Amino acid sequence: MTDTAATSGAAAGDDTAAGAHRAQARDILSGYAGHKGALLMALLDVQYQLNYIPETTVDDAAEILGYSQPEVWGVLSFYSDFSVGQGHDHFIDVCIDAPCHVTGARAIERAVRDAVTAGGKTDVAVRAISCPRLCNQAPVVAYDQEWRGQLTPRRAAELARNLGGDTA
Amino acid sequence: MPSDIYASLRQEAERAWTEWDDPSAARISVGISAAALTVGAGRTLDAIRATVAELGIEANILEVGDIGFSWADPVVHIARPGMPRVTYGNVSADAAPQLARDVLIDGNLRPDLALGVQGDAPIPDTEIPLLKDQSWMRDQLRLVMADFGHIEPGNVLHYAARGGLASLDRALHGMSPQEVIDQVRTSGLRGRGGALFPAGVKWGFMGPPSGGDRYLAINGEEGDPGAFTDAAIVENDPHRLLEGVLIAAYAMGCTKTYIHIRAEYRLPLLRLRRALHELEERGLVGRNIMGTEFSHEIEIEATGHAYICGEETALMESVEGKRGAPRPRPPFPAAYGIFGRPTTINNVKTISYVPTVLAMGGEEFAKIGAESASGTAMLSLSGHINKPGIAEIPVGINLAGVIENVAGGIRGGKQAKALQCGGPLGGIMSADEMDMPAEFQAMTAKGSPLGSGGILALDEDTCIVDLVKNISEFIDAESCGKCFPCRKGATHISRLLATIVEGFGQTGDLNKLQSIGQSMVAGSLCGLGQLAPGVLNNAVRYFESEFAEHIDDKRCRAGVCAGLTADAPQPAVEAAIA
């Protein structure tokens with residue numbers, strides 16, 4: 001991977017979307033260079049700006065921040081914020097932890113998955129995720145990190161169909 | 001005697017406050033929080049701005065924090081010129097323009113949407129009660145939440161105008177570090193992360209500064225599903241936390257504070273960063289704070305989503321940017337903490353009480369609450385209740401009363417079945433036990449420790465086995481994997497529970513579950529493994545017959561577990577009979 005990293009990507013002026021993302025990720029990482037213990041914060045910054053971690057970021061983070069590749073993988077695989085490699089353009093997150101579970105998350109997850117399948121949307125991934133601490137508005141669902149509360153299965157399905165468009 | 005620096009800040013703050021809260025002007029404020037935004041509070045604020053501009057109403061508009069009435073979000077507060085503020089609930093973007101028109105132009109105070117009048121003086125000729133007399137507010141005592149929903153979060157002038165930073169001024173100019181520690185010790189303030197360790201004693205472990213860096217770490221991880229008060233403090237009154245941090249750091253001689261908070265909490269982070277920036281700009285964080293010898297640096301650590309990082313040694317690893325796996329103890333953090341330096345870790349809530357402790361004095365603070373734990377408890381109320389939200393009560397008031405009044409009772413007229421408290425590592429109690437004090441030790445004895453204040457109320461239609469399975473899946477997912485009894489045990493417990501709810505349980509499964517739990521307790525390095533069987537064991541304690549029905553009779557009385565027969569015949573069964 002190191003050879004590839006040296007010969008392709010941002011440094012070599014790659015003008016594909018992946019190349020642009022790599023360049024952006026390298027820029028973000030460079031902002032943390034020399035900062036003690038910055039690996040996690042730097043990777044989170046990349047995740048939240050790009051909505052994923054480019055695979056090349058493993059090598060780039062190791063190089064720029066001075067870690068080994070296993071250390072970078074160790075952090076990426078530990079925290080559930082990270083999704084490595086671009087799989088989908090959009091995410092629908094359904095909280096499935098206890099407060100949402102007892103207020104109907106199971107039916108909501110089913111409704112959202114059915115709506116996405118029925119709509120044939122392949123660029124949208126449905127994730128059952130852990131508590132975002134909005135239990136006072138349970139059950140909650142997010143479209144690309146925008147959370148909606150007090151949902152019913154019907155409204156959650158509408159949200160999925162309308163790609164996050166307002167349903168309230 | 002306030003210092004000159006504080007006195008001039010206070011003057012400036014009062015001017016800024018009067019600019020917003022000008023009694024001769026109309027004032028509209030909208031409660032914005034991550035929770036309120038999920039039900040459209042942002043659109044409500046936009047609608048109000050648009051209406052005021054369109055109608056040419058002269059009114060001050062402010063984005064304030066969350067007053068805690070999540071059940072009534074979006075919440076809007078409106079004051080007519082010369083009158084007290086009235087708090088309105090369920091003000092959608094569609095309803096907001098009419099409400100603003102009715103109240104500010106027609107003088108119709110809209111009792112249908114009003115939750116109550118703020119302050120102590122009723123408005124003559126209206127039927128709107130005082131907010132403080134409402135059933136859900138009567139039992140509350142808001143020390144930490146005093147300014148929730150009243151000030152613009154992150155605005156240091158608003159914070160100071162309401163009395164903020166006076167405690168810091170008093171500590172820095174009138175008290176030695178030891179005197180501050182003594183006050184906190186006298187107050188009886190205990191760690192609100194759930195462990196309830198006396199805060200003043202913990203601070204004393206650091207000893208006098210010996211040169212070199214020493215750190216304070218603030219635990220804002222609050223990973224428990226069903227607990228959301230730490231994020232609420234950061235989001236609604238970030239300066240309270242920061243003032244507490246500065247006082248604690250002064251008392252222990254810490255050179256730097258790391259505030260650990262998840263990167264995904266965007267609004268709390270945004271407001272905390274603004275709050276810190278405003279303090280830095282005024283020289284209230286940095287070198288020679290308030291003209292004294294005391295210097296302190298604060299760093300906000302936006303970290304990843306991992307429940308285990310609420311454990312203090314895992315949190316230190318996470319602050320260092322690594323995987324958040326717990327460290328063996330000893331050495332303890334006070335000797336070897338972040339980057340190997342002496343470190344004290346306090347919860348967000350604990351530290352947020354500190355300005356109040358100094359303002360009241362330790363002895364006065366100790367008079368509030370219960371003997372075992374002074375002060376108030378901040379509650380995160382969720383589940384099958386009419387009024388989910390954030391509340392603050394004196395420790396020790398009646399728990400059944402809290403559920404009935406503060407939480408508004410069980411929704412849909414149903415009966416309460418159980419309370420699951422203290423998060424996934426807490427416990428559960430039968431609703432039959434609720435007539436007891438809402439107090440940490442008493443609730444622990446009942447098997448449902450209050451912990452960090454999360455109360456998940458469950459109605460009669462809840463399947464306890466299904467709930468325990470859900471919680472065991474959470475623990476399985478969040479075990480960091482370092483200790484194999486926890487890693488393997490959590491997996492086996494959740495798999496075994498899955499087979500039970502699918503109708504393949506076998507006699508002896510309950511013993512097996514409890515024996516795996518014992519191994520986790522004995523063989524785990526940190527609290528996650530050690531506390532993991534708490535909910536399971538207490539669910540069996542109160543609801544053993546329900547487990548037996550699932551295992552032996554293949555029956556789920558709540559009709560939740562799809563593979564089992566329900567008490568009420570399911571449609572498929574009826575069809576088969578017909």
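Here, the structure is the one placed above.
How each quantity is defined
- Residues numbered from 1 in each chain as written.
- Chains lettered and ligands numbered in written order.
- Predicted model: local features only at pLDDT ≥ 70, side-chain atom pairs only at ≥ 80, totals over all residues.
- Heavy atoms only, no water.
- Helix = DSSP H or I, 4+ residues; strand = E, 2+ residues; numbered from the N terminus.
- Buried < 20%, exposed > 50% of the residue type's maximum accessible area, 1.4 Å probe, protein only.
- Contact = heavy atoms within 4.5 Å.
- Areas by Shrake-Rupley, 256 points an atom, 1.4 Å probe, with all protein chains shown as cover.
- Pairing = 2+ DSSP bridges.
- Axes fitted to C-alpha atoms, helices over the stretch in contact; angles between N-to-C directions.
- Buried area = accessible area lost by both parts, 1.4 Å probe.
- Salt bridge = Lys/Arg side-chain N within 4 Å of Asp/Glu carboxyl O.
- Phe/Tyr/Trp six-rings, centres within 6.5 Å; stacked < 30°, edge-to-face > 60°.
- Lys NZ or Arg CZ within 6 Å of the ring centre and 35° of its normal.

Student: I would appreciate a short explanation of the overall build of chain A in the present structure.
Tutor: Secondary structure summary: chain A contains eight helices and four strands in total. Moving toward the C terminus, one meets the helices and strands of chain A in the order α-α-α-α-α-β-α-α-β-β-β-α. Counting over 168 residues, chain A shows a buried share of 52%. For chain A, the proportion of contacts with a sequence separation of at least 24, taken over those separated by at least 6, is 59%. Accessible surface, chain A as shown: approximately 7,300 Å² in total, 50% of it carbon and sulfur.

Student: Even after reading the chapter, I still don't get the sheet that holds strand E4 (residues 146-148) of chain A, so can you show me in this structure?
Tutor: The pairing of strands in a sheet comes from backbone hydrogen bonds and takes either a parallel or an antiparallel form. Residue and element names in this part refer to chain A. Strand order in this open sheet of four strands is E2-E1-E3-E4, and the pairing throughout is mixed. Both edges of this open sheet fall to strand E2 (124-129) and E4, since each of them pairs with a single strand only. The sheet shows a mean angle of 20° between the axes of neighbouring strands, taken without regard to direction. Bridge analysis of strand E1 (residues 90-95) against E2 gives six bridges, and the strand direction is parallel. For Cys 95, the partnering residue across the bridge sits in E2 and is Ile 129.

Student: Explanation requested: the interface of chain B and chain A in the structure shown.
Tutor: The parts lose accessible area when they come together, and the size of an interface is often stated as this lost area. Contact residues are listed per partner, giving 60 residues for chain B and 40 residues for chain A. Overall, the association of chain B and chain A removes approximately 3,600 Å² of surface from exposure, summing both partners, and the carbon and sulfur fraction of that is 55%. Taken as a group, Thr 38, His 305 and Arg 323 of chain B account for 17% of the area that chain B buries against chain A, more than any other trio of residues on that side. The interface formed by chain B and chain A holds one salt bridge in total. Arg 106 of chain A is the salt-bridge partner of Asp 466 of chain B, the closest N and O atoms lying 3.2 Å from each other.

Student: Looking at this model, I keep getting lost on the packing of aromatic side chains. Mind explaining?
Tutor: Aromatic ring pairs are defined here through the distance separating the ring centres and the angle between the ring planes. One pass over the full model with this rule turns up eleven aromatic pairs over all chains. Taking 4.9 Å as the distance between ring centres and 80° as the angle between the ring planes, the aromatic pair formed by Trp 71 of chain B and Trp 136 of chain B counts as edge-to-face. Of this pair, Trp 71 of chain B sits in the loop between strand E2 (59-64) and strand E3 (76-79) while Trp 136 of chain B is found in helix H5 (residues 135-138), placing the two residues 65 residues apart along the sequence. This pair shows no difference in class: Trp 71 of chain B is buried, exactly as Trp 136 of chain B is. Aromatic side chains Tyr 215 of chain B and Tyr 258 of chain B sit 5.3 Å apart centroid to centroid with 80° between the ring planes, which places their arrangement in the edge-to-face category. On the criterion of sequence distance, the pair formed by Tyr 215 of chain B in strand E6 (residues 215-219) and Tyr 258 of chain B in strand E7 (residues 256-262) is long-range, its members being 43 residues apart. Like Tyr 258 of chain B, Tyr 215 of chain B is buried. Among the aromatic side chains, those forming a connected cluster through ring pairs are Phe 69, Trp 71 and Trp 136 of chain B. Here the guanidinium or amino end of Lys 36 of chain A rests over the ring plane of Phe 339 of chain B, the centre of that ring lying 4.2 Å away. Above the ring of Trp 71 of chain B, the side-chain terminus of Lys 387 of chain B is found at 4.4 Å from the ring centroid.

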